[in-house]
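# A closer look at the structure
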Amino acid sequence: FFPLERQNIAFFVTFVVLLQQRIQYLATMSASRIEYSEKYADDQNEYRHVILPKELSKTLPKSRLLTETEWRQIGVQQSRGWTHYAIHRYVCSLFLSLERRKRSYSR
């Protein structure tokens with residue numbers, strides 16, 4: 001471990017603050033440009049595709065699904081019960097596919 005000069009610490013802090021502001025700006029601007037497909041269903045689930053702006057989709061992990069907290073943080077808005085179930089590898093902006101179990105109504 002090496003001692004940092006005050007100039008370097010100040011630069012690093014400024015850099016981190018600016019980076020956080022940029023991330024928040026991208027998320028805010030991108031959230032208004034997120035597109036949602038109509039819902040479609042099979043016998044067990046409802047589905048919906050979420051189309052993200054390219055600059056936002058480039059920042060997301062490609063090797064794993066997002067948790068609900070993660071996809072909500074990037075601005076995706078859905079009611080409760082939806083889960084991220086697939087990644088579209090060939091259409092980068094069509095990143096989120098959400099599914100929700102159909103409710104069974106019994107009397």
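Residues numbered from 1 in each chain as written. Predicted model: local features only at pLDDT ≥ 70, side-chain atom pairs only at ≥ 80, totals over all residues. Heavy atoms only, no water.

## Some points on the pairing of strand β3 (residues 45-51)
Within β3, six of the seven residues are buried, which leaves the element mostly enclosed by the surrounding structure. Judged from the two bridges that link them, strand β1 (residues 35-36) and β3 form a sheet pairing that is antiparallel. Following the sheet pairing, Y36 is matched in β3 by V50. Note: strand β2 (residues 40-41) against β3, two bridges, orientation antiparallel. Bridged to A41 within β3 is E46. Counted between consecutive antiparallel strands, the loop separating β2 from β3 contains three residues. (Buried < 20%, exposed > 50% of the residue type's maximum accessible area, 1.4 Å probe, protein only. Helix = DSSP H or I, 4+ residues; strand = E, 2+ residues; numbered from the N terminus. Pairing = 2+ DSSP bridges.)

## A short note on the confidence of the model for the protein chain
Of all residues in the protein chain, 75% have pLDDT values of 70 or greater, and the mean over the chain is 78. Confidence, read as mean pLDDT per element, is least for strand β5 (residues 96-101) in the protein chain (72) and greatest for β1 (88). (pLDDT = per-residue confidence, 0-100.)

## What about the nonpolar core?
Side chains of nonpolar character tend, in soluble globular proteins, to be buried together. In terms of nonpolar packing, the biggest core is built from ten residues, these being I34, V50, L52, L56, L60, L66, W71, I74, V76 and W82. Beyond its immediate chain neighbours, meaning those up to four positions away, I34 contacts V50, I51, L52, P53, I74, G75 and V76. (Core = buried A, V, L, I, M, F, W, Y, C linked by side-chain atoms within 4.5 Å. Contact = heavy atoms within 4.5 Å.)

## Re a nonpolar patch on the surface
Together, I9, F12, V13 and V17 give the surface a local cluster of nonpolar side chains, amounting to about 350 Å² of exposed area. If you trace the backbone, V13 turns up in helix α1 (residues 6-31). Classification of V13 by relative accessible area gives partly exposed; the value is 46%. (Patch = residues over 30% accessible without salt bridge, like charges linked within 9 Å, V, L, I, M, F, W, Y side chains within 5 Å. Areas by Shrake-Rupley, 256 points an atom, 1.4 Å probe, with all protein chains shown as cover. Salt bridge = Lys/Arg side-chain N within 4 Å of Asp/Glu carboxyl O.)

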